[in-house]
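# Structure assessment
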Amino acid sequence: MDKVEKALEFTNVGKIYRRNHFFKTTETKALTDFSLDVRKGEIFCLLGLNGAGKTTTVKLALNLIFPDSGQIRVLGEKPSPEVISRVGYVSESPYLFPYLTARELFNLMGILSGLNAPRRAEAIDRICDFLSLGDFIDKKIGDCSKGMQQRVLLAQALLHDPELLILDEPYSGLDPVGISQMRQYIEKLNSEGKTILMTSHLIAESEKIAKRAGILKDGRVAKVIPVRQGLLEKEFLEAVS
Amino acid sequence: MKAVYNVAKYTLLENARSKSFSLSVVFIALVFVSAFIFARLSEVVEIRAIQDIGMGAVQFFSFLTALFFAVKVAFVEGRNKTIYLPLTRPVKRSEYIFGRYLGIILSSALEIAAMGMLLTLLLYLKQADFDSFYFLSYFFIFLKIAMITAVTILISLASTSQASAFIFSFLVWITGHSLGEVEFLLDEMSPAMVTMVRIFKWIFPNYTLLNLADYTAGRFMAAAGYLPAVLYAAFYVLAVMWLASAVFEKKEF
């Protein structure tokens, strides 16, 4: 029962990055004895200075990198292609395929997510409506504005109706209007029952929507706190100083 | 298989829209300029020059675009994080890399076919004899490109920089073309060197077996050699892509 209530669970996870250059290996500790859990249905925000381990945490959850020690559970299971089919991911910047149109990208991602043609068509209509993509859907992604690319990025993550949505710096590079829109999308998705894990540098924005926050420092969880209005910045600074 | 097919299809679409295909325009210009220059010479020399320059250009430009696409797929997309999109889907990494590979070689096939048609048209306009041997040469160029694409993907997956991926792939291309010549020097080599050359012949793609384009005029390769050459290329590609797939499976992004 405990498992199903946790959307994401890290237990004593360790991760070291190893880089090889001309037979010389350099090691960087990214996470040490890292334990954290994200409950189903909540908006959880990971906060930390640059290099604290936020993106490493996200990549481990998505099976893009592999832990050296400890255990990770995503929706109660070990990270694998099967469980990843229940997760949506929005990267820090719109890393997309510039020569494809949004519709082509959605079709490809829909196929890779295992959606058949009718379900894909229904999902694309639903997402375009939700994110007001309009005519942009048939425009080459490389020709779209940054804000529109960010929406395309969010749209592809929602195509397969994931239970857990992982957003890595979702406000990155957006103007104030874009930030406000993104916040509304996140709140609406959470109200529909999706669990949200997001990383952010914007403490004020995180405070507006997160239920709990984990503050990372030097690859460890310094503190996990319930978000209280007006106090997050103070608690963050105390934890990282 | 559905994932492989669709990744290949969208890779082909992407490549067809990318600027790299404009290299073919350079090819056309090169062939036409050469045709103009050699128009001053006798008729036979002119046609021969167009054939040789044209065939060399088909091979070189298709090699360059394949190199560019392979490095992009296996190195650049990892560095700029575009690869996160497909890899955060329930798709096997091996299916994804095979799909990408197929998409690239389909793009190369189209490019070689387009350039080959232009060259044939030019030769037709110059009233050269129609020769089906040239179409076979294009096919063997395609096999060479299929091999170097697989090797470049493998090298790019193991590389720490885009430049090293290009340089090492280029060196493999050169070495693969030199293996035949090195064979003539074996008698003068030390036993250690001979062993090294023999190992190289297993590791590097031996393009001497596929150099139909070089032999067009002399027609050195007997028809009996076609099938072993095709089988060699197919086996080499499968072995390298199997290795690339194993590396890709373990690679962290």
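Residues numbered from 1 in each chain as written. Chains lettered and ligands numbered in written order. Predicted model: local features only at pLDDT ≥ 70, side-chain atom pairs only at ≥ 80, totals over all residues. Heavy atoms only, no water.

### Some thoughts on the overall build of chain B
Tallying secondary structure elements over chain B gives nine helices and zero strands in all. Its helices and strands taken in sequence order, chain B reads α-α-α-α-α-α-α-α-α from the N to the C terminus. Over its C-alpha trace chain B gives a radius of gyration of 19 Å, about what one expects of a compact globule, namely 18 Å for 253 residues. Looking at chain B as a whole, 50% of its 253 residues are labelled buried. At a minimum sequence separation of 6, the contacts of chain B that also span at least 24 residues come to 83%. Accessible surface, chain B: about 12300 Å² in total, of which carbon and sulfur atoms supply 72%. (Helix = DSSP H or I, 4+ residues; strand = E, 2+ residues; numbered from the N terminus. Rg over C-alpha atoms; globule rule 2.2 N^0.38 Å. Buried < 20%, exposed > 50% of the residue type's maximum accessible area, 1.4 Å probe, protein only. Contact = heavy atoms within 4.5 Å. Areas by Shrake-Rupley, 256 points an atom, 1.4 Å probe, with all protein chains shown as cover.)

### Quick notes on the packing of helix H5 (residues 117–131) of chain A against helix H6 (residues 146–158) of chain A
Residues and elements named next belong to chain A. Two numbers describe how H5 lies on H6: the axes approach to 10 Å, and their chain directions differ by 140°. The angle between H5 and H6 places the two elements in the oblique class. Crossing geometry of H5 relative to H6 is assigned as right-handed. Contacts from Arg-126, Ile-127, Phe-130 and Leu-131 of H5 reach H6 at Arg-151, Leu-154, Ala-155 and Leu-158. A class-by-class count of the residues in the contact of H5 with H6 yields six nonpolar, no polar and two charged. (Axes fitted to C-alpha atoms, helices over the stretch in contact; angles between N-to-C directions. Parallel < 35°, antiparallel > 145°, perpendicular 65-115°, else oblique. Left-handed = near helix turned anticlockwise from the far one by under 90°. Nonpolar A, V, L, I, M, F, W, Y, C, P; charged D, E, K, R; others polar.)

### Some words on the pattern of salt bridges
Working definition: two side chains of opposite charge can pair if their charged atoms are close together. Residue and element names in this part refer to chain A. Taken as a whole and judged by the stated rule, the model has 22 salt bridges over all chains. Of the charged contacts in the structure, one is a salt bridge between Arg-18 and Glu-27, with a shortest N-O distance of 3.1 Å. Take Glu-27: its relative accessible area is 52%, and that puts it in the exposed class. Here Glu-42 makes a salt bridge to Arg-212, at a shortest N to O gap of 2.9 Å. Separated by 170 residues along the polypeptide, Glu-42 in the loop between strand E2 (24–39) and strand E3 (43–48) and Arg-212 in strand E8 (residues 212–217) bring together distant segments of the chain. Residue Glu-42 is classed as buried on the basis of its relative accessible area of 8%. (Salt bridge = Lys/Arg side-chain N within 4 Å of Asp/Glu carboxyl O.)

### Side note on the nonpolar core
Counting 151 residues, the largest nonpolar core has A:Phe10, A:Leu105, A:Phe106, A:Leu154, A:Ile166, A:Ile186 and B:Ile153 as its most contacted members. For this core, the element with the highest residue contribution is helix H6 (residues 133–158) of chain B, accounting for 17 residues. Excluding its chain neighbours within four sequence positions, the residues that come into contact with A:Leu154 are A:Val90, A:Leu131, A:Leu165, A:Leu167, A:Met182, A:Tyr185 and A:Leu189. (Core = buried A, V, L, I, M, F, W, Y, C linked by side-chain atoms within 4.5 Å.)

### Things to note about the state of the cysteines
A covalent bond bridging the sulfur atoms of two cysteines is what the word disulfide describes. All names here are of chain A. In the structure shown here, the tally under the stated rule is zero disulfides over all chains. In this structure Cys-144 is a free cysteine whose sulfur lies 12 Å from that of Cys-128, the closest cysteine sulfur available. Owing to a relative accessible area of 9%, Cys-144 belongs among the buried residues under this scheme. (Disulfide = S-S within 2.5 Å.)

### Notes on the interface of chain B and chain A
On the side of chain A, 32 residues touch chain B, which itself brings 30 residues to the contact. Summed over both sides, the interface between chain B and chain A buries roughly 2900 Å², with carbon and sulfur atoms accounting for 64% of that surface. Counting the contacts that link chain B with chain A gives two salt bridges. For B:Arg17, the salt bridge goes to A:Glu104, with nearest N and O atoms at 2.7 Å. Scanning the region where chain B abuts chain A turns up eleven residue pairs in polar contact (both at pLDDT 80 or more). Mapped onto the side of chain B that touches chain A, the elements with two or more residues apiece are helix H1 (2–17), helix H4 (84–87), helix H5 (93–125) and helix H9 (226–250) of chain B. Examining the composition of the side of chain B that touches chain A, we find that seven residues originate from one element, H1(B), more than from any other. (Buried area = accessible area lost by both parts, 1.4 Å probe. Polar contact = N/O pair within 3.5 Å; in protein donor to acceptor, adjacent residues only side chain to side chain.)

### Re the domain arrangement of chain A
All names here are of chain A. According to the domain assignment, chain A consists of domain 1 (1–86 + 163–179 + 193–241) and domain 2 (93–161). With eleven residues of domain 1 at the contact, the number on the domain 2 side is nine residues. Taken together, the two surfaces of domain 1 and domain 2 that pack against each other cover about 680 Å², and 53% of this comes from carbon and sulfur. Seen at the junction of domain 1 and domain 2, the total is one salt bridge. Ionic pairing is found between Lys-194 and Asp-161, a salt bridge with its closest N-O pair at 2.5 Å. Taken together, the residues of the side of domain 1 that touches domain 2 sort by class into five nonpolar, three polar and three charged. (Domains from an automatic or database assignment.)

### As for the sheet that holds strand E4 (residues 69–74) of chain A
For sheets, the rule is that strands pair by backbone hydrogen bonds, running either parallel or antiparallel. Residues and elements named next belong to chain A. Pairing in this open sheet of three strands is antiparallel, and the strands run E2-E1-E4 from one edge to the other. Because the sheet does not close on itself, it has two edges, and the strands there are E2 and E4. For this sheet the average axis-to-axis angle between neighbouring strands, irrespective of direction, equals 30°. Here strand E1 (residues 6–21) runs beside E4; their pairing, made up of five bridges, is antiparallel. Looking across to E4, one finds that Glu-9 is bridged to Arg-73. Here helix H2 (residues 54–61) sits on the sheet in contact with E1, E2 and E4, set at roughly 110° to E1. (Pairing = 2+ DSSP bridges.)

### As for the environment of B:Glu252
Secondary-structure assignment places B:Glu252 in the segment after H9. When the C-alpha positions of B:Glu252 and B:Gly78 are compared, they lie 9.2 Å apart, and in sequence the two are 174 residues distant. If we ignore the near neighbours within four places in the chain, the residues touching B:Glu252 are A:Lys15, A:Leu64, A:Ile65 and A:Phe66. Among the polar contacts made by the side chain of B:Glu252, one reaches the side chain of A:Lys15 at a distance of 2.7 Å. Polar contacts involving the side chain of B:Glu252 include one to the main-chain amide nitrogen of A:Phe66, which spans 2.7 Å.

### Details of the packing of aromatic side chains
Residues and elements named next belong to chain B. Following the criterion strictly, the structure yields 15 aromatic pairs over all chains and no others. Consider the rings of Tyr-96 and Phe-248, whose centres lie 6.2 Å apart with planes at 20°: the pair is stacked. Here Phe-248 lies in helix H9 and Tyr-96 lies in helix H5, a separation of 152 residues in the sequence. Residue Tyr-96 is classed as buried on the basis of its relative accessible area of 2%. Note on Phe-135 and Tyr-138: the rings are 6.1 Å apart at their centroids and 75° apart in plane angle, and the pair reads as edge-to-face. A residue pair is termed a helical-turn pair when its members lie 3 or 4 positions apart in one helix, as Phe-135 and Tyr-138 do in helix H6 at three residues. Accessibility expressed as a relative area gives 38% for Phe-135, which makes it partly exposed. An aromatic cluster of at least three residues, connected via ring pairs, comprises Phe-63, Phe-170, Trp-173 and Tyr-207. (Phe/Tyr/Trp six-rings, centres within 6.5 Å; stacked < 30°, edge-to-face > 60°.)

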